[in-house]
Structures are given as structure tokens and as C-alpha cells.
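# Observations on the model geometry
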Amino acid sequence: MKSLFTLKHFLLFIEILFLTSLNEICTAQSSCTNADFEQNNFAGWSGTTGTCCPISSTNPGIVAGRHTIMTGPGTDPFTNGQLTVVAPGGQYSARLGNSSSGSEAEQLIYSFNVGSINEMFIYRYAVVFEDPNHTVGDQPRFEIRVYDQSGVSVPCGTYLVYSSAGIPGFKTENINGSVIRWKDWTTVGIDLSSYVGQTVTIEFSTSDCGLGAHFGYAYIDCYCSPLTISSDYCPGSNVANMVAPPGFEGYLWSTGDTSQSITVNNPQIGVSYTVTLISVSGCSVTLTNVLSPGSISPSFTFQNQCNYSAQFSNTSTATNNISLTNILWDFGDGTTSTLSAPTHLYSTPGVYNVKLTVGSQNSCDSSITLPVNIIGIPNSDFSFAPQCEGAPVQFTDNSTSQGSTITSWSWNFGDGLPGSIIQNPLHTYTAQNNFSVSLIVKDLNGCADTIAKTISVLPNPVALISAQDACANKIVLFKDSSFISAGNIKSWHWNFGDNSQTSTVQNPTHSYSSPGAHTVSLRVTGNNGCLDSITKLLNIFPAPNADFISTGVCVNNPINFTDKSSDVYSFITGWLWNFGDGSALSNIRNPNHSYNSEASYTVMFIASNNVGCIDSVEKQLTINPNPVANFSADDACLNKETKFTNLSSIASGNINSWYWNFGDRLSSHIYSPVHKYKGIGIYDVNLIVVSEQGCIDSTKGVVEVKEDYSFWIPNAFTPNADDLNDVFKPLVIGAVDYRMEIYDRWGIKIFVSNSELVGWDAKIDGGPAQADVYVYRILITDVCSETHTHVGHFSLLR
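Source: prediction; values computed, not measured.

## Section: the overall build of the protein chain
Helix and strand counts for the protein chain come out as one helix and 65 strands. Taken against the 2.2 N^0.38 rule, which gives 28 Å for 798 residues, the C-alpha radius of gyration of the protein chain at 68 Å runs more than 25% over that of a compact globule. The C-alpha extent of the protein chain, read off along each of the three principal axes, is 220 × 70 × 45 Å. Within the protein chain, buried positions represent 43% of all 798 residues. For the protein chain, the exposed surface amounts to about 38,700 Å²; the carbon and sulfur share of it is 50%. The average position of the 35 basic charges and that of the 64 acidic charges among the side chains of the protein chain differ by 11 Å.

Structure follows, in C-alpha cells:
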């Protein structure tokens, strides 16, 4: 079988021996589930966060960015591309911490039960520190601690390191002015054989500097394995290889060798070999291996990937701790692989004879060939028509299968709601957005394909109505307040709820002829064709019936306005009057108002009820002129008729009534009456005149009634200065006009007086008249306008 491998193959295996052996041990021998993070998650691990320094990481939970799964071929940016972010031989590692600062601390914790197949815990770590050159207590750091199930530290399980120069195994870089201390991947093994049957806990902790400005973080990767010496001794071989567990600082074999592995020439069956393992903390453990040949049983499994590919897994076993280091796959299509668990992609479906050859370092080779049926995959596809939110979307399956039949469909509509297993489902989206819809189809072979498409669910407009409760027969303004998140609204349809015509105007007006509750509806349509509708209950209140009466139609006379409005559904609470003459408005229910000029006026009256509805009425009011009462009266004489002359007037129309009052309790309705007073005195005469429209005026006058006329005159007088009978004059009662003339015996006029109070003093031209007989002539008009003439003679005596 040795001829199977060429020298080229052998050198290749030697080159990858360490990497392959680590990967095989980690994946095949480890019973610590996901200690190596190969599940691409933190299953089995717990995490905390906190602060430093010292490290106090007590806040539970895995925090993105502070506990990070690393994968791929990338390198750490602070090591000039030298430190890989994934431990050699694996696909995933974990980064604990990050390059941010702020005195942050992080922790990852792993617990497992120690048994005979995992009594050795191996961790690999790499650290990257910024070195701010603080005191030791404030430097970035990395700590490892192991505890038994009672919480007691496991001897030789503690490792502490902080950022500093000169630490063995650390390298220094200058990155952007910062000093970086870093250590490449380092393997450390912990002997847990004394704790078989217990649950142990491993804590990995890292932190920034204590002053908050410099970072520190680490990469970790772990696995478990038996604490044994593996050997490679084939029957009939003259060479045997023995390998001690990895991760120790020193190795001392019973042969004197100090390497992890030794080669024994001309081995003898049954000879015992021992190795003492010395940990990085100085602890030691001795292992023994009795040399015996082993055998190899090749086997493999595969999982058809359906897309012309298969996942192969080496399940070969060996006895006596033979380490299977050599693997060669022949996939039956002219291609090979040396990986332990390769995935191979075929160009066409069909049955291929796959051969696996496994061997040890000493070429204890064995092989197995199995037929593998490679199948294709269905082609997932579907179509749909974009719809509006709230409307069902029809999804149509357009998937095809290569040589098989599609038997199941699994839809994910991307909105968090339950999916569907129907071939052509309907689904309703309740919100507008872009949703990623995926369809997984499977055929009879169990092969599946997935496709995802983005559906744009169109936004519905949001219909909104703005309108106020109103009164019957009044204009109601309807305002469209609708909106849409994308695009614009292009059409409106209004129904006013009263069996009237509908409207397509955006902001229509409408009046309701009858009161009551009306359901108004609005349907709006966006430019994307989506629509929404809304209804609003609008209360239409009845208006009152405004009416009034007025009394009086004359200028400057108060006119009483009386509200005669009615309202059968509510009650009237407001009144507003406009009298039409430019005067101030009035809100009194029954006001009085006077007009100062005759004219025709338009009176407007507005009545409002308790729900704010109004009604108005206008009436014409003609204001007529008042008559002007006036009269004159003749002189009044006792027991004689006194004539009253009516001088009243009116600007327009006629006076048709006159309520004379003569002041002596007597009255008359004659236009210009005569009246006879029975007693002398002063009388208040009142005249009231009324026009044909009922307008009134009145006036008052005073009438003095005098006595009847009386006249006495002496027949002689004696002007001798004795103050007795010195002047000649008559005594007159009732005279309103008076003239006395005196003549001598020759008929010459010697004296004239126009007042009954002035008499003749017996002088002629300033000198005394002689005693003689003289003649008088007296003319008197009395109060009744009658004229009296008195002629006679008298004697002047001296």
C-alpha cells in the first residue's frame, strides 16, 4: 500500500501534519460541544460585560461587538497582517473584546463535565494589547481561570498577562502612533484527570486600560481530548511514532527526548514509553504508552447536497492510538482531496465511485470505495403582482425540477406573519413597505432550492374628513385632509348621506335641507391605484324661524320691536337687530328704537338658537313725519267768545284729529274753535294734533281772560298842588288802546295822552292854563277789540 503515496504526497502531509492533527483532534475526539465555536455561534458558552480595573464583568449576556464570532482568512489590523483571526486548522474562533476603549471588560465562560475522553482541555489564544505604559494595575490585560464544581481554582489552570514589553512570545508593532503588544496563536493544555466526574468551568476575561483610553482584546479557540499518548505503529513496520498531547510548555520522554513527538526505530511490542508533560504554570503529569501495532478500518459517510455536490465525512477508525494523518479522497470524476471532511461539487448528476484512502505517518494505509448518487436541485421561482397594503397578494409558484417532482413549498412573506405551505398562496400585507419574500421548494429526493424576491407593497392613502356640524340650509365646507406616504392622491368621491348628488371635488360644499344625523363618506384614490375610505357622522341642526312685529311709525317716537321667532327643536338664545338707519346694533330681545327722520327703513332681525343655528328676516318700516302743533288765540274777554286759530302743520300727509283743552276743564275737537270763558284769569290752553298715520304732537299756550270794559271821568279838577285832584284823567278798565285829546273853548287842541295813566296837569305850553271850561275827546279800544269814543267837557278851577 505504500506505493499509493508519492514523495510529493508525503511531503505535503508532513507540511500540514500539525494543522490536520489539531483539526481532527478538535472535531473527532472532542466531547466539549462547540468549545471550538465551529457551530458559528456561542452555543454552550455564556458571556458577561463590565468594567476594569480590576476586571469586574458581572452584566450577563452576549453583546454584539464585544463577543464576536470570527471566520474567514482575515488578519488582525493591528499586527501588520501577521495574526489570523481564526485559529489554524479551524473555521471559526471567538474574539473577546474589541478595539474600542472606555475601560470595558468582557468575559466568556464555558462549563463541561470531565470524563475519560475529555480529561484534557486545550485552549488556543492570541492577544492584542495597546500599551499606554500605565502602571501594572491599569494596563490592558487577558486572564484565564479554571474552577472545579465547588468554585475552587484548579491548580495550574490560571494564566494572567497584561500589556508590557519583554514578555516571552509577544511581538511589538507601531500602528498609527500607538505601541501594540500582541501574541500569536498559542496552544495550552490543562490536565483535568483529577476532576473526572465533576463539572469544571473555564473563564476567559479581557479588558481595556483602567484609565479608559486604550484597548485590549483576545482571540480564543478550545477543544477537549483524552489525556493519552497517540502512537503510529503498523504491523511489520520498523518505525513507530508516538505523539504526546499538545499545549504544554515542556515534554520529557523516557527516551530522553524533549519534543512533543518521538520516533522509535526497530520497535518492540510490549515495551513501555513514558512522557512527563510540563504546563506553562509549571505543573506536570506523566503518561505511559505500551507499544503495540494497530489497525485501520477505513469508512466514510456522505450527505448529498442536491446541487451536484456532496458533503463527505471521514469516519475511519484505528486501534492502539494510531493517528490517522494521511487522507486521500478520489471523487470518481478525476479530482481528489486531502481534507478530512471535504465538500465536492460535480459538474453533472449521476453515480460516482468514491474512494477514501487513510493512513498513518508510517503509511498504515487502507481504503474503501462506495457508489455515490449525485442529484440535481429544483429551481425555485415565483411571480406576483404588486398590491396595496391590506389587499391580498396572489403568489404564483413557477418552480421547476430537474428530473424529479416538487413535493413541498415553504413561503416566508417577510413581514413576520406566519408563512404558507400552499403552492400558490394568497397573503395580505397590513403595512406599506418593501418585503423580502422567499420560497423554498423540495423535490422527491429531498433536494431544496430557495429564491428571494422583493415585493413592494404600495401605500394606501389615509382618508380623512374635516367638517363641522352645521345648520340646515346653510353651506357646509368639506375639507379633504387625506394623505399618502408616497405619491399623491388623484381622485375623490364624496357621498353626503342625504340622497343628494355625489361630488368628485377635493373640497366640496354642500347644504342640507333637513336636520338630523347624516353619514358622510369619502373615498380617495392614490396615483398608485390604492384607495381608502372613511365615514363621518355629521349633525345638521334645525334653524329657528325668525319673525318680529313693531308698533309705532312716527319720527322721534320710540318704536317697540317684539321678537315673534319660533323654534320647535331647541330654544332661541340670541337676537341681533339692525334698524337700518346706521345706528348701533342691538342684542336685546325686544328693543325700543327711535328714528330721527322720516323715510323707509329695512329692518333686519337675526335669531340664533342654543346650537348656533340662525335665521334672519327683513321687513320694511316706513317712518312718518310728526305733525307740528301750533295755534293762536284772540284776546279773551270775560263772557265773550275767544277765537282760537289752528296753525298746526305736517310735512306730508294730513292731520285728521285735534284734543283742544282750554284750561277750564272744557275741550273741543273742532279744527279752529271759539270758546267763552266764565271767569277772569290766566288759562293754559293745550292743543294735541294727530296725523292720519297716528303721529302726535302737542303745544301749549296761555290765554289771559280780562274783565269787561269800564270808564269814569270827573267833570272838574283843581290843580292847586295839594295832591288832590291836581290832574285831569279818566279811570279806565279793560283798555288795550287809549288816546285822550283836550281842547279849549275855541277848539284848539292843547293836550294829547296815549296812556290812561298820563293825565293833563293844567298847563299849556309850559304855563298854567286859565280857569275855564274845556272839552275832552277820548278814544279807547278794549280787550275785546271794541272801540269806545267819549266826548265831554270839564271845568278847571283855581
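There's plenty left to go through after this.
## Remarks on the sheet that holds strand E47 (residues 614–623)
Overall, antiparallel pairing links the three strands, which are arranged E44-E46-E47 in an open sheet. Each having just a single partner strand, strand E44 (572–578) and E47 make up the two edges of the open sheet. Each neighbouring strand pair of the sheet contributes to a mean axis angle of 20°, computed without reference to strand direction. Direction of pairing for E44 relative to strand E46 (residues 599–609): antiparallel, over a ladder of six bridges. Following the sheet pairing, Leu576 is matched in E46 by Ile606.

## Some words on the packing of aromatic side chains
All chains considered together, the criterion is met by 57 aromatic pairs. Relative to Trp494, the ring of Phe478 has its centre 5.7 Å away and its plane inclined at 55°; by these criteria the two rings are tilted. Of this pair, Phe478 sits in the loop between strand E36 (475–477) and strand E37 (479–480) while Trp494 sits in strand E38 (residues 489–495), placing them 16 residues apart in sequence. Across this residue pair, the class does not change: Phe478 and Trp494 are buried. Here the basic side chain of Lys453 rests over the ring of Phe382, its NZ or CZ set 5.2 Å away from the ring centre. Over the face of the ring belonging to Phe548 we find Lys619, whose NZ or CZ atom lies 4.8 Å from the ring centre.

## Re the sheet that holds strand E24 (residues 336–337)
The strands making up a sheet are joined through hydrogen bonds of the backbone, oriented either antiparallel or parallel. Ordered by their spatial adjacency, four strands build an open sheet running E24-E23-E26-E27, and the pairing between neighbours is antiparallel. Unpaired on one side and paired on the other, E24 and strand E27 (366–374) mark the two borders of the sheet. Relative to E24, strand E23 (residues 324–330) is paired through two bridges, and the arrangement is antiparallel. Bridging from a neighbouring strand, Asp330 pairs with Thr336 of E24.

## A short note on empty space enclosed by the protein
Under the counting rule described, the total for this entry stands at three cavities of 30 Å³ or more. By volume, the second largest cavity amounts to about 40 Å³. Every residue along the wall of the second largest cavity is listed here: Tyr123, Cys156, Gly157, Thr158, Tyr159, Val188, Gly189, Ile190, Ser279 and Val280. For the lining of the second largest cavity, the class distribution of residues is six nonpolar, four polar and no charged.

## Some words on the environment of Asn80
Along the polypeptide, Asn80 turns up in the loop between strand E3 (67–71) and strand E4 (92–96). Sequence-distant contacts of Asn80, defined by excluding residues within four places in its chain, comprise Glu173 and Ile175. Polar side-chain contacts of Asn80 include one of 2.6 Å to the side chain of Glu173.

## Here we look at the pattern of salt bridges
Per the counting criterion, the structure on display carries 13 salt bridges. Note that Asp221 is salt-bridged to Arg124, the shortest N-O span being 3.1 Å. With Asp221 in strand E12 (residues 216–225) and Arg124 in strand E6 (residues 120–130), the pair connects residues that are 97 residues apart, well separated along the chain. Here the two residues Asp221 and Arg124 agree in accessibility, since each one is buried. Of the charged contacts in the structure, one is a salt bridge between Asp563 and Arg589, with a shortest N-O distance of 3.1 Å. Of this pair, Asp563 sits in strand E43 (residues 559–563) while Arg589 sits in the loop between E44 and strand E45 (592–593), placing them 26 residues apart in sequence. A relative accessible area of 7% places Asp563 in the buried class. Through salt bridges with shared partners, a single network forms among Arg739, Glu741, Lys749 and Arg777.

## Things to note about the pairing of strand E7 (residues 141–147)
With six of seven residues buried, E7 is to be regarded as a mostly interior element. Inspection of the sheet shows E7 paired to strand E8 (residues 159–162) by four bridges, in the antiparallel sense. Considered in E8, the bridge of Phe142 is made with Val161. Where E7 meets strand E11 (residues 199–207), seven bridges bridge the pair, whose relative direction is antiparallel. Of the residues in E11, the one forming a bridge with Glu143 is Ser205.

## Digging into the nonpolar core
By size, the foremost hydrophobic cluster in this structure holds 35 residues, and its most contacted members are Phe112, Phe121, Tyr123, Phe142, Leu192 and Phe204. Contributions of two or more residues to this core are made by E4, strand E5 (104–113), E6, E7, E8, strand E10 (178–191), E11 and E12. In terms of residue count, the dominant contributor to this core is E6 (five residues). What Phe121 contacts, discounting residues up to four positions off in sequence, is Tyr110, Phe112, Val188, Gly189, Ile190, Leu192, Ile202, Phe204, Cys222, Tyr223 and Cys224.

## Some words on the environment of Ile327
With respect to the element layout, Ile327 can be found in strand E23. Here the alpha-carbon distance between Ile327 and Ser194, two residues 133 residues apart in the chain, equals 35 Å.

## Considerations on the state of the cysteines
Considering all chains together, one arrives at five disulfides under this definition. Here Cys32 connects covalently by a disulfide to Cys224, the sulfurs 1.7 Å from one another. One quick way to see it: the torsion about the S-S bond of Cys32 and Cys224 is about -90°, and its sign makes the bridge left-handed. With Cys32 in the loop between helix H1 (7–29) and strand E1 (45–51) and Cys224 in strand E12, this residue pair connects regions lying 192 residues apart in the sequence.

Cut-off values and rules
- Residues numbered from 1 in each chain as written.
- Predicted model: local features only at pLDDT ≥ 70, side-chain atom pairs only at ≥ 80, totals over all residues.
- Heavy atoms only, no water.
- Helix = DSSP H or I, 4+ residues; strand = E, 2+ residues; numbered from the N terminus.
- Rg over C-alpha atoms; globule rule 2.2 N^0.38 Å.
- Buried < 20%, exposed > 50% of the residue type's maximum accessible area, 1.4 Å probe, protein only.
- Areas by Shrake-Rupley, 256 points an atom, 1.4 Å probe, with all protein chains shown as cover.
- Lys, Arg positive; Asp, Glu negative; His and termini not counted.
- Charge placed at Lys NZ, Arg CZ, Asp CG, Glu CD.
- Pairing = 2+ DSSP bridges.
- Axes fitted to C-alpha atoms, helices over the stretch in contact; angles between N-to-C directions.
- Phe/Tyr/Trp six-rings, centres within 6.5 Å; stacked < 30°, edge-to-face > 60°.
- Lys NZ or Arg CZ within 6 Å of the ring centre and 35° of its normal.
- 1 Å grid on protein atoms, 1.4 Å probe; cavity = no way out; pocket = protein on both sides within 12 Å on 5 of 7 lines; lining within 4 Å.
- Points joined across faces, edges and corners; volume = space filled by probe spheres on them.
- Nonpolar A, V, L, I, M, F, W, Y, C, P; charged D, E, K, R; others polar.
- Contact = heavy atoms within 4.5 Å.
- Polar contact = N/O pair within 3.5 Å; in protein donor to acceptor, adjacent residues only side chain to side chain.
- Salt bridge = Lys/Arg side-chain N within 4 Å of Asp/Glu carboxyl O.
- Core = buried A, V, L, I, M, F, W, Y, C linked by side-chain atoms within 4.5 Å.
- Disulfide = S-S within 2.5 Å.

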